Amino acid sequence: MMSRLLLSSTPLSAIATPFESTRLLFPTHLRNRGNKKTSSLTREERLGFNPAFRLRTFHRRSPHCCLSTPVVGPTSSSSSSSEMQDSLLYSRAYWVSRSQIAWNVDAENGSCYLYASETACLSVTNDGIQGYDVRIKLEVDNTGLSENVIEKFPHIRDYRPFKVPSTLDVKSLLKSQLAVAIYGSDGKWSTATGLQLPGVLDEIFSYNGPLGAVFSEEAVSLYLWAPTAQVVRACIYEDPLGRDPVEIVTLKESNGVWCAIGPRSWEGCYYVYEVSVYHSSTLRIEKCIANDPYARGLSSDGRRTLFVDLDSDALKPKGWCNLADDKPILHSFSDISIYELHIRDFSVNDPTVDADFRGGYLAFTSQITKCWNHYHLIQMNSRLISQPFKMKMGTTGGKISFLIVIASPLGNGV
């Protein structure tokens, strides 16, 4: 059973597997990078996106890069409504704790408001922010940012803190599109921005419990940490390639963790999550299709998560249960030799290996010298590997790996 303290260093929307589209979903911290071309790879490839999955969304404007100067309100009648709307793409304010929002802005002679829209309908007009469900006035917190906030986010230590009312239903608001805006003494808005949420998510939704697919004698339970999601469903498939799910299960949420309980017969099947969540890079509620981030197994193409019980007897090699008792005693760690090498390099020039197997995975099915007794494979993408070499790899789903070999001079197990 997997158990860990889960914090929100990455927004929930990051569990979405990106799509083949001209519209990229940049996480907030990537918007500072500028738009300089860095390589000949596509933008999806540079960011490590898997084009096999798609995010259901509409095509929108190109992503923007953060500026060091604030996005201010309209100064003339010719101001573009598109430019005003773009101010919500720049998440310059930080919701750092349950009670504080930090923003590097001057509010001495004006007022600050927090806006929320469950359906992501916020828009910026000459009259201010429209389309909200909730509008809350925030007062300046003259006590400053708390010490634990400054320790966690030292780069915003000089930002102005605003008090969040203690009566506010913060958990529900965090599932919505959020923005803050400053209004002058004349009632006109002067600047607006979106919100970054890691601080408040860490404080409210930290979790120490099971995650992923958890097996019991009679059932399989799914646990997904996704506090900003509005709806989560699991699509169950009988095989890794079938097009239509045989079952769709809606998960229920408790304090940011979504859960569903299914029959033990799910073992050996496959699933993906369908998550409806607000995404700050598109300013929309998106329906994202993604693997379980706590997966113990995947289909050969990596597109679906495998229901696999690692304690199943069917998965244990012969002698597995007695391995600890049969394992020779290691008298000194200096007896261990550790090598890291490429799968190809392990056998490509080894005359004792069948010529058709050299340089590929199937080389490990040959008789190997007794001094090599432990192997650890590290998967990596093989998109650029030549086709002839892929053919020698056997049925590996087009993956190539690095290999770590652990051995000792006397062949003692480690």
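Before reading further, recall that the structure is shown in the block above.
Values in this document were obtained by computation on a predicted structure and should not be read as measured data.

Attention shifts here to the overall build of the protein chain. On a plain count of helices and strands, the protein chain comes out with eight helices and 24 strands. With 414 residues in all, the protein chain has 43% of them scored as buried. Put simply, the protein chain shows about 22900 Å² of open surface, and 51% of that area lies on carbon and sulfur atoms.

Moving on, we get to the sheet that holds strand E18 (residues 257–263). Here four strands make up an open sheet; going across it, the order is E13-E14-E18-E17 and the pairing antiparallel. Two strands in the sheet have a free side with no partner beyond their single neighbour: strand E13 (212–215) and strand E17 (252–254). Averaged over all adjacent pairs, the angle separating strand axes in this sheet is 30°, with direction ignored. Direction of pairing for strand E14 (residues 219–225) relative to E18: antiparallel, over a ladder of seven bridges. Bridging from a neighbouring strand, Trp-225 pairs with Val-257 of E18.

As a further point, take the packing of aromatic side chains. Applying the stated rule across the entire model yields seven aromatic pairs. With centroids separated by 5.7 Å and ring planes inclined at 90°, the aromatic side chains of Tyr-113 and Tyr-183 adopt a geometry described as edge-to-face. Of the two residues, Tyr-113 is situated in strand E5 (residues 111–117) and Tyr-183 in strand E10 (residues 177–183); the sequence distance between them amounts to 70 residues. Judged by its relative accessible area of 15%, Tyr-113 is buried. The ring of Tyr-113 has Arg-135 lying over it, and the distance from NZ or CZ to the ring centre is 3.7 Å. Arg-135 extends its terminal NZ or CZ atom over the ring of Tyr-183, reaching a point 5.8 Å from the ring centre.

What follows deals with the side chain of Thr-193. For Thr-193, the location among the structural elements is in strand E11 (residues 189–196). Judged by relative accessible area, Thr-193 falls into the buried class, the value being 1%. Here the side chain of Thr-193 touches Arg-92 through a polar contact of 2.9 Å, landing on its backbone nitrogen. Not counting residues up to four positions away in its chain, the partners in contact with Thr-193 are Ser-87, Leu-88, Tyr-90, Ser-91, Arg-92, Ala-93, Trp-103, Ala-179 and Val-180.

What follows deals with the environment of Leu-145. Here Leu-145 shows up in the loop between strand E8 (134–140) and helix H3 (147–152). Residue classification places Leu-145 among the buried residues on the basis of a relative accessible area of 9%. For the pair Leu-145 and Val-96, spaced 49 residues apart in sequence, the C-alpha to C-alpha distance is 9.0 Å. Dropping the residues within four chain positions of it, Leu-145 is found in contact with Val-96, Gln-100, Ala-102, Ile-150, Ile-156, Arg-157, Tyr-159 and Pro-161.

Note on placement: Lys-137 falls in strand E8. When residues no more than four places from it in sequence are discounted, the contact partners of Lys-137 are Ser-111, Cys-112, Tyr-113 and Pro-165.

As a further point, take the sheet that holds strand E9 (residues 160–163). Read once around its circumference, the closed barrel built from seven strands follows the order E3-E4-E9-E8-E5-E10-E11, with strand pairing classed as mixed. Neighbour to neighbour, the strand axes of the sheet diverge by 35° on average, direction disregarded. Of the pairings in the sheet, the one linking E5 to E10 comprises seven bridges and is antiparallel in character. Paired with Ser-111 across the strands is Tyr-183, a residue of E10.

Moving on: the pattern of salt bridges. Going through the model one piece at a time under the given rule, you end up with seven salt bridges. The residue Lys-175 makes a salt bridge to Glu-253 at a minimum N-O spacing of 3.0 Å. Residue Lys-175 is found in the loop between helix H4 (170–173) and E10, and its partner Glu-253 is found in strand E17; the two are separated by 78 residues along the sequence. Its relative accessible area of 15% is what places Lys-175 among the buried residues. Between Asp-301 and Arg-303 there is a salt bridge; the shortest N-O distance is 3.8 Å. For Arg-303, a relative accessible area of 41% translates into the label partly exposed. Sharing partners across several salt bridges, the network here consists of Arg-264, Glu-267 and Asp-309.

So, how was this worked out
Residues numbered from 1 in each chain as written. Predicted model: local features only at pLDDT ≥ 70, side-chain atom pairs only at ≥ 80, totals over all residues. Heavy atoms only, no water. Helix = DSSP H or I, 4+ residues; strand = E, 2+ residues; numbered from the N terminus. Buried < 20%, exposed > 50% of the residue type's maximum accessible area, 1.4 Å probe, protein only. Areas by Shrake-Rupley, 256 points an atom, 1.4 Å probe, with all protein chains shown as cover. Pairing = 2+ DSSP bridges. Axes fitted to C-alpha atoms, helices over the stretch in contact; angles between N-to-C directions. Phe/Tyr/Trp six-rings, centres within 6.5 Å; stacked < 30°, edge-to-face > 60°. Lys NZ or Arg CZ within 6 Å of the ring centre and 35° of its normal. Polar contact = N/O pair within 3.5 Å; in protein donor to acceptor, adjacent residues only side chain to side chain. Contact = heavy atoms within 4.5 Å. Salt bridge = Lys/Arg side-chain N within 4 Å of Asp/Glu carboxyl O.

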